[in-house]
Amino acid sequence: MTVAMGASVAVLPTSAATAVPANAESAVSTAGLPSFVARDYKMTFHDEFDGTKLDTTKWGYQYGCFDPAQRSQAQYTDSPDNVSVRDGYLNLTARYSPMKTKWDGTQIPRTCKHGSVTYDAPFTSGMITTKTKDGKVLYAAPGTGFYAEARIKLPSARPSWSAFWGTGTKGAYPANGEIDVFESKGYDPTHLMSNVHTPRIGEPTKTTQHQGMMKGDTASSQSEFHTYGVRKTSDAIEFYFDGTLTHTVKMSDIKGDNPFLDKDNNLVLMLNQMVGGSYLAKQSNWSDKTYVDATKYADDYKNANGAGATMYVDYVRVYEPKTEADKPAEPAQPTPAPSVTPAQPEPSVTPAPVQTEKPAPAPTSAPAPVQPKPEPTQSVAPVAPVTPAPAPTKP
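I will try to describe carefully the structure that is included in this document.

1. Section: the overall build of the protein
No. 1: When helices and strands are tallied, the protein shows 2 helices and 26 strands.
No. 2: Each of the 395 residues in the protein was classed as buried or not, and the buried ones make up 45%.
No. 3: In the protein, 71% of the contacts between residues at least 6 apart in sequence involve partners at least 24 apart.
No. 4: Surface exposure of the protein reaches about 20,700 Å², of which carbon and sulfur atoms provide 54%.

2. Let's talk about the sheet that holds strand β4 (residues 64–65)
No. 1: Pairing is mixed in the open sheet, where 4 strands are placed in the order β4-β5-β13-β8. Looking at strand neighbours, the two that pair on one side only are β4 and β8 (95–96), the edges of this open sheet.

3. Brief notes about the nonpolar core
No. 1: Judged by nonpolar contacts, the single largest core of 40 residues is most densely connected at L90, I152, F182, Y228, L271 and V316.
No. 2: Beyond its immediate stretch of four places on either side in the chain, I152 contacts F164, F182, E224, F225, H226, Y228, L271, M311, Y312 and V313.
No. 3: Membership of the second largest hydrophobic core comes to 26 residues, among which are Y76, M127, A157 and Y187.

4. Comments concerning the state of the cysteines
No. 1: Tallied over the full model, the rule gives 1 disulfide.
No. 2: Note on cysteine connectivity: C65 is disulfide-linked to C112, with sulfurs 2.0 Å apart. A torsion of -95 degrees about the S-S bond marks the disulfide between C65 and C112 as left-handed. Here C112 lies in strand β11 (residues 111–114) and C65 lies in strand β4, a separation of 47 residues in the sequence.
No. 3: On the accessibility criterion, C65 (31% relative accessible area) is partly exposed.

5. Some thoughts on the pattern of salt bridges
No. 1: Taken as a whole and judged by the stated rule, the model has 11 salt bridges.
No. 2: The partner of D300 in a salt bridge is R158, with the nearest N and O atoms 3.0 Å apart. Of the two residues, D300 is situated in the loop between β25 (267–275) and β26 (310–321) and R158 in the loop between β16 (146–153) and β17 (160–168); the sequence distance between them amounts to 142 residues.
No. 3: Residue K282 pairs with D288 through a salt bridge whose shortest N-O separation is 3.5 Å.

6. Some words on empty space enclosed by the protein
No. 1: According to the stated counting rule, one finds 1 cavity of 30 Å³ or more in the structure shown.
No. 2: Of the voids in this model, the largest cavity is the one considered here, and its volume is about 30 Å³.
No. 3: Lining the largest cavity, in full, are A141, G143, F146, I179, K232, F260, N265, N266 and L267.

7. Here's the deal with the pairing of β26
No. 1: Taking burial as the measure, the 12 residues of β26 include 9 buried ones, the bulk of the element.
No. 2: The pairing of strand β2 (residues 41–47) with β26 spans 6 bridges and is classified as antiparallel. Within the sheet, the bridge partner assigned to M43 lies in β26 and is Y319.
No. 3: In the sheet, strand β7 (residues 89–93) pairs with β26 via 4 bridges, with the strands oriented antiparallel. Note on β26: the bridge partner recorded for N91 is Y312.
No. 4: As paired elements, β16 and β26 share 7 bridges and run antiparallel to each other. By the bridge assignment, E149 is partnered in β26 with R317.

8. Quick notes on the environment of T198
No. 1: In this structure, T198 sits in strand β19 (residues 188–200).
No. 2: Judged by relative accessible area, which is 0%, T198 ranks as buried.
No. 3: Discounting chain neighbours no more than four positions away, the residues touching T198 are K206, T207, T208, H210, I254, D257, N258, P259 and F260.

9. Focus on unusual backbone geometry
For residues other than glycine, phi is negative in most cases, and the peptide bonds are mostly trans.
No. 1: The step from Y173 to P174 runs through a cis peptide bond, and the omega angle for that step is 5 degrees.
No. 2: Topologically, P174 is positioned in the loop between β17 and β18 (178–185).
No. 3: A positive phi angle, near 60 degrees, is found at R71, a position not held by glycine.
No. 4: Within the secondary structure, R71 sits in the loop between β4 and β5 (74–76).
No. 5: We classify R71 as partly exposed; its relative accessible area is 34%.
No. 6: Even without glycine at this site, D242 takes up a positive phi of about 50 degrees.
No. 7: With respect to the helices and strands, D242 occurs in the loop between β23 (236–241) and β24 (244–250).
No. 8: D242 sits in the partly exposed class, given a relative accessible area of 34%.

How each quantity is defined
- Residues numbered from 1 in each chain as written.
- Predicted model: local features only at pLDDT ≥ 70, side-chain atom pairs only at ≥ 80, totals over all residues.
- Heavy atoms only, no water.
- Helix = DSSP H or I, 4+ residues; strand = E, 2+ residues; numbered from the N terminus.
- Buried < 20%, exposed > 50% of the residue type's maximum accessible area, 1.4 Å probe, protein only.
- Contact = heavy atoms within 4.5 Å.
- Areas by Shrake-Rupley, 256 points an atom, 1.4 Å probe, with all protein chains shown as cover.
- Pairing = 2+ DSSP bridges.
- Core = buried A, V, L, I, M, F, W, Y, C linked by side-chain atoms within 4.5 Å.
- Disulfide = S-S within 2.5 Å.
- Salt bridge = Lys/Arg side-chain N within 4 Å of Asp/Glu carboxyl O.
- 1 Å grid on protein atoms, 1.4 Å probe; cavity = no way out; pocket = protein on both sides within 12 Å on 5 of 7 lines; lining within 4 Å.
- Points joined across faces, edges and corners; volume = space filled by probe spheres on them.

Remember that the coordinates give geometry; whether it matters functionally is a separate question.
Written out as structure tokens, the structure is:
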């Protein structure tokens, strides 16, 4: 998406309505998440769309024409016909509705205007953002780093242009930057483009784009649910399809002003289904504009139940890196008992024999000298060794 959303005027602090309850993360499965998220991140924002209406403490509605520079042909409303929550899903449904009712009851054609040009816009659709229509930010993923993911099944209506994306909270577009987790084209279910928009060098009112296509089972994007994720770090913006990395934009590759280096530039999240517009030209041949004018395919949007024209969103979740305080405390290691060395028995002491003087020889024949008798050996009883106390078993 490439459109000015205007400067944010206020950022609400995290409230009880937007904060994740202490037990919420444990109740949410980490299956399918990139391994680094499951291991090193904590969930800080989520909406499972389990109620019966949109949670307006988390989301605001977009109204009216949107991105008329692209000749988009839908007007956004807050009607349950276009935005509803039921059966565990957010439903963003586009409908063919060429007339609208004025305040006085008269019917007039739906139109949009770009510059001095007014053109037909005969469709209605839905778009929600984590910002109110007055510009108050209800939630924004932190500029310091995050991983955001949505699980979505896309519409098959051929001129549908669906997206999960966001813009920065600091400044006006494009100085605040834009991250498109994906943008789709209804006529080609494999077309899932990720993108980063930053101000163009020398033309700051335009953007430089850093595009990449998602890879994997993209052909089933309209028949099955898939997860679409983005990770922002200080070094890169990474895009994930079903938990697998598919595209990386390095901060060092972004030339000129890069609003995503500003840690205070948080990201407002958006989900929408647009109808018609120049983005729907064929990727392989931009001169082929078969699906740019959606009025030729109005029948794709006439099913009363919205079949084929509804973008189903199972959940939106945002994770942030864990801090030291979030990591489980290491179990205390018991202090081992000091080792007691058993006393060694003293060696036996054998006293030296007492030497006696030889008696003076008798004048008679000298008898054999008497050998002195040694005193008995003094035996010292050994001290019994002390058995050391065993160390406590580690828990």
